[in-house]
Amino acid sequence: MNFFKDLVQFWQAMGTLPRTIHIWAILYPLPQFLGGLYFIRETPGLVILLGRVLSYVIGSQVHRRLPFSKLIGPIGHAHWLLILPYLFYLLTTQTLDTGLYWFIVYVCVISMVSAVIDIRDVVGYFQQGESLYKRD
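Per chain, the residues get numbers from 1 upward, laid out in the order the sequence is written. Thresholds applied to this predicted model are a pLDDT of at least 70 for local features of residues and 80 or more for the giving and counting of side-chain atom pairs; totals over whole chains, interfaces and linings are not thresholded and use all residues. Excluded from the side-chain calculation are hydrogens and water; included are all heavy atoms of the structure.

## Some points on the confidence of the model for the protein
So, step 1. Summary of the metric used: pLDDT quantifies the predictor's per-residue confidence within the range 0 to 100. Chain-level pLDDT for the protein is 92 on average; 99% of the residues reach the 70-or-more range.
So, step 2. Going along the chain from the N terminus, every DSSP run of H or I of four or more residues is numbered as a helix, and every run of E of two or more is numbered as a strand. Helix α6 (residues 80-93) holds the highest mean pLDDT among the elements of the protein, 97, whereas helix α2 (residues 19-27) holds the lowest, 86.

Right, dumping it as structure tokens:
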């Protein structure tokens, strides 16, 4: 299947999920993508932007193989286990522009919320087997 077609199909499929999941699927990555574009000249901004793009690409490929699987999030966010320590390191050791500092704090906090959801989904997978998102 065509790579770009997979991306479009994934986007369209996300639109069929319940409203709360659909809203989260937009409001979680969109500010990070836009902020990453805004801070693209700074290494952390570029890393966050690339992390978001990679999450979407991975999510589209997981969806292609396991449509509507609750493992899309955990697999699509796994690389953030490498990105978040880097961002925490920057917050604790570097002097950052105020806007970039708060953007990184936001990314870390919202990513931790997402991690809790992902952990819940992985635990559910191992306890109950594959589960799929219910669609509207």
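## A short note on unusual backbone geometry
So, step 1. For Phe-68, which is not glycine, the phi dihedral falls at a positive 60°.
So, step 2. By the element assignment, Phe-68 lies in the loop between α4 (43-65) and α5 (72-77).

## Overview of the side chain of His-79
So, step 1. Counting through the fold element by element, His-79 comes out in the loop between α5 and α6.
So, step 2. Buried residues are those whose accessible area, probed at 1.4 Å on protein chains only, stays under 20% of the maximum for their type, while exposed residues exceed 50% and partly exposed ones sit between those limits. A relative accessible area of 14% places His-79 in the buried class.
So, step 3. Contacts described as polar in this section are N or O atom pairs within 3.5 Å, which, within protein, must combine one atom able to donate a hydrogen with one able to accept it, while residues neighboring in sequence count only if both atoms come from side chains. Looking at His-79, its side chain comes within polar contact range of the main-chain oxygen of Gly-76, at 3.4 Å.

## Considerations on the pattern of salt bridges
So, step 1. What counts as a salt bridge is simple: a side-chain nitrogen of Lys or Arg found within 4 Å of a carboxyl oxygen of Asp or Glu. Scanning the entire structure with this criterion turns up two salt bridges.
So, step 2. As a salt-bridge pair, Asp-121 and Arg-120 come within 3.2 Å of each other at their nearest N and O atoms.

## Details of the nonpolar core
So, step 1. Formed by 14 residues in total, the largest nonpolar core has its most connected members in Ile-48, Trp-80, Leu-87, Phe-103, Ile-104, Val-107 and Cys-108.
So, step 2. Elements with a minimum of two residues in this core: α6 and α7 (98-128).
So, step 3. Here, residues are in contact when the closest pair of their heavy atoms is within 4.5 Å. Non-local contacts of Trp-80, meaning those with residues more than four positions away in its chain, are made with Gln-32, Ile-48, Gly-51, Arg-52, Ser-55, Pro-85, Leu-87, Val-107 and Ser-111.
So, step 4. Throughout, nonpolar core names a set of buried Ala, Val, Leu, Ile, Met, Phe, Trp, Tyr and Cys residues whose side chains join them through atoms within 4.5 Å. Core analysis: the second largest hydrophobic core is formed by eight residues, Ala-13, Met-14, Phe-68 and Tyr-133 among them.

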